[in-house]
Amino acid sequence: MSSPAPAKTGLYDCRDAYVATLEELGAADPRVVAVVNDSVGSSKLGGFRDKFPERLINVGIAEQAMVGVGAGLANGGKIVFVSGAACFLTGRALEQVKADCAYSQANVKLCGISSGVAYGELGPTHHSIEDVAWLRTMGDITVIVPADPWETEQAIRAAAALDGPVFVRISRMGVPALPRPADATFTIGEAEVLHEGNDAAILANGTVVCRALAAAEELAQQGIAARVVNMASMSPIDVEAILAAAQTGAIVTAEEHSVRGGLGSAVAEIVSQNQPCRMKLLGFEGFQPTGSAEFLMERAGLTGPSIASAVRTLLGR
């Protein structure tokens, strides 16, 4: 699949890669179905509905029912993509995600749309900055946080091929296509080194990876070689890549998520028990105010210059 065209800004909405991939999967396999909570528009599933009207189930604004219906369809042999706003999919339906999907190992693909602070102006009720923390504690559900359209496509394909529950975090916040070799591959459980360096390491995922790369470029101009590791696979997580990063002696984690329970916490759990080093966790501290996504990201220090500053502070420079 070719990546969807970027907006005039050169940034991509990863929902476009998600729906284009899902339509391809649906055309190739009649078992692929989608379940939504009155979210056809926000999930951009209008094309899927038009192509496969009998394979899109809209349960209305009833997230618990949505996940339960998805689990039931999976038990009937379907490959189910449950698609809804990440804040409501994980918040309102957490019990169903836990019992009907993770515990039961149902073949359900949970697609958290407009994750993080993408709904910034709608305030804390619509911010989804706890979802990864909630889900990775379950241990029996794969959690993926793609960084760009290519990785979103790859994550959806990998989720469809995996027999079991998967959560894919899909943002609407514009991101650039990341530079990769033509033979790049995506594998669940494996991190991706996007920039080499041994002075420090920046571990990021989702919409923050491009900002981590910008930080590394700034640091390179100052004589600091920072490794950038894309940690899209949150559960399972690449322990070896984390320990290799710890060998630099300084790790900054950066994520569009709470600093409690997400990427920073996962890395700290591994580093503290195996290879202690200096760390700084960048993310959101508790509930966030109402404001644009960009305002909230800047406020939390999730910009290239702020990430670079955190690295310099760790290194005492």
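What you see is a predicted model; the values in this text were computed from it and never measured.

### Focus: the overall build of the protein
Next, step 1: If you tally the helices and strands in the protein, you get 12 helices and 12 strands.
Next, step 2: Whereas a compact globule of 317 residues would reach a radius of gyration of roughly 20 Å, the protein reaches 19 Å, a difference of no more than 12%.
Next, step 3: On the principal axes, the C-alpha backbone points of the protein span a range of 60 × 45 × 40 Å.
Next, step 4: Burial statistics for the protein: of 317 residues in total, 58% are counted as buried.
Next, step 5: Contacts in the protein between residues far apart in sequence, at least 24 positions, make up 77% of those at least 6 positions apart.
Next, step 6: In the structure as shown, the protein presents an accessible area of about 12,300 Å², 51% of it carried by carbon and sulfur atoms.

### Examining the packing of helix H8 (residues 209-221) against helix H12 (residues 304-315)
Next, step 1: Where H8 contacts H12, the two axes come as close as 7 Å, and the packing angle between them is 55 degrees. It follows from the interaxial angle that H8 and H12 lie oblique. Here H8 and H12 pass one another in a crossing that is right-handed. Contacts from Arg211, Ala212, Ala214, Ala215, Glu218 and Leu219 in H8 reach Gly304, Pro305, Ile307, Ala308, Val311 and Arg312 in H12.
Next, step 2: Broken down by class, the residue content of the contact of H8 with H12 amounts to eight nonpolar, one polar and three charged.

### Overview of the packing of helix H9 (residues 239-246) against helix H10 (residues 263-274)
Next, step 1: One can describe the packing of H9 onto H10 by two numbers: an axis separation of 10 Å at closest approach and a directional angle of 65 degrees. Crossing of H9 against H10: the hand is right-handed. Between H9, through Val239, Ile242, Leu243 and Ala246, and H10, the contact on the second element is made entirely by Val267, Ile270, Val271 and Asn274.
Next, step 2: In terms of residue class, the contact of H9 with H10 is built from seven nonpolar, one polar and no charged.

### Overview of the sheet that holds strand E1 (residues 32-36)
Next, step 1: Pairing is mixed across the open sheet formed by seven strands, whose spatial order is E2-E1-E3-E4-E6-E5-E10. The open sheet has two edge strands, strand E2 (56-58) and strand E10 (233-235), and neither has a second partner. Each strand of the sheet is rotated relative to its neighbour by a mean of 20 degrees, with strand direction disregarded.
Next, step 2: The sheet contact formed by strand E5 (residues 142-144) and strand E6 (residues 166-170) spans three bridges and is parallel. Across the sheet, the residue bridging to Thr142 is Val166, located in E6.

### With respect to helix H5 (residues 94-103)
Next, step 1: Of all the positions in H5, only Gln96, Val97, Cys101 and Ala102 are classed as buried. For H5, the angular spread of buried residues about the axis comes to 150 degrees, placing them on one side. Along H5, the residues that are exposed and aim more than 90 degrees away from the buried face are Glu95, Lys98 and Tyr103.
Next, step 2: On the buried face of H5, the contacting elements are helix H3 (63-75), helix H4 (86-91), strand E4 (108-113) and helix H6 (131-136).
Next, step 3: Downstream of H5 by one or two residues, Gln105 has phi in the positive range, about 55 degrees.

### Observations concerning the sheet that holds strand E9 (residues 226-230)
Strand pairing in a sheet takes place through backbone hydrogen bonds and is either antiparallel or parallel in direction.
Next, step 1: Reading across from one edge, E7-E9-E8-E11-E12 is the order of the five strands in this open sheet, with mixed pairing throughout. Strands at the two margins of the open sheet, each flanked by one partner only, are strand E7 (192-195) and strand E12 (278-284). Averaged over neighbouring strand pairs, the angle between their axes works out to 25 degrees when direction is ignored.
Next, step 2: Here strand E8 (residues 200-204) runs beside strand E11 (residues 250-258); their pairing, made up of four bridges, is parallel. Opposite Ala201, over in E11, you have Ile251 as the bridge partner.

### Observations concerning the pattern of salt bridges
Next, step 1: Across all of its chains, the model carries 18 salt bridges by this definition.
Next, step 2: Close ionic contact of Arg136 with Glu269 constitutes a salt bridge, the shortest N to O distance being 2.7 Å. Taken together, the positions of Arg136 in helix H6 and Glu269 in helix H10 put the pair 133 residues apart, joining distant regions of the chain.
Next, step 3: Since its relative accessible area comes to 18%, Arg136 is described here as buried.
Next, step 4: Owing to a relative accessible area of 39%, Glu269 belongs among the partly exposed residues under this scheme.
Next, step 5: When salt bridges with common partners are traced through the structure, they connect Asp13, Arg15, Asp16 and Lys44 into a single cluster.

Cut-offs used in this document
- Residues numbered from 1 in each chain as written.
- Predicted model: local features only at pLDDT ≥ 70, side-chain atom pairs only at ≥ 80, totals over all residues.
- Heavy atoms only, no water.
- Helix = DSSP H or I, 4+ residues; strand = E, 2+ residues; numbered from the N terminus.
- Rg over C-alpha atoms; globule rule 2.2 N^0.38 Å.
- Buried < 20%, exposed > 50% of the residue type's maximum accessible area, 1.4 Å probe, protein only.
- Contact = heavy atoms within 4.5 Å.
- Areas by Shrake-Rupley, 256 points an atom, 1.4 Å probe, with all protein chains shown as cover.
- Axes fitted to C-alpha atoms, helices over the stretch in contact; angles between N-to-C directions.
- Parallel < 35°, antiparallel > 145°, perpendicular 65-115°, else oblique.
- Left-handed = near helix turned anticlockwise from the far one by under 90°.
- Nonpolar A, V, L, I, M, F, W, Y, C, P; charged D, E, K, R; others polar.
- Pairing = 2+ DSSP bridges.
- Arc of directions from axis to C-beta.
- Salt bridge = Lys/Arg side-chain N within 4 Å of Asp/Glu carboxyl O.

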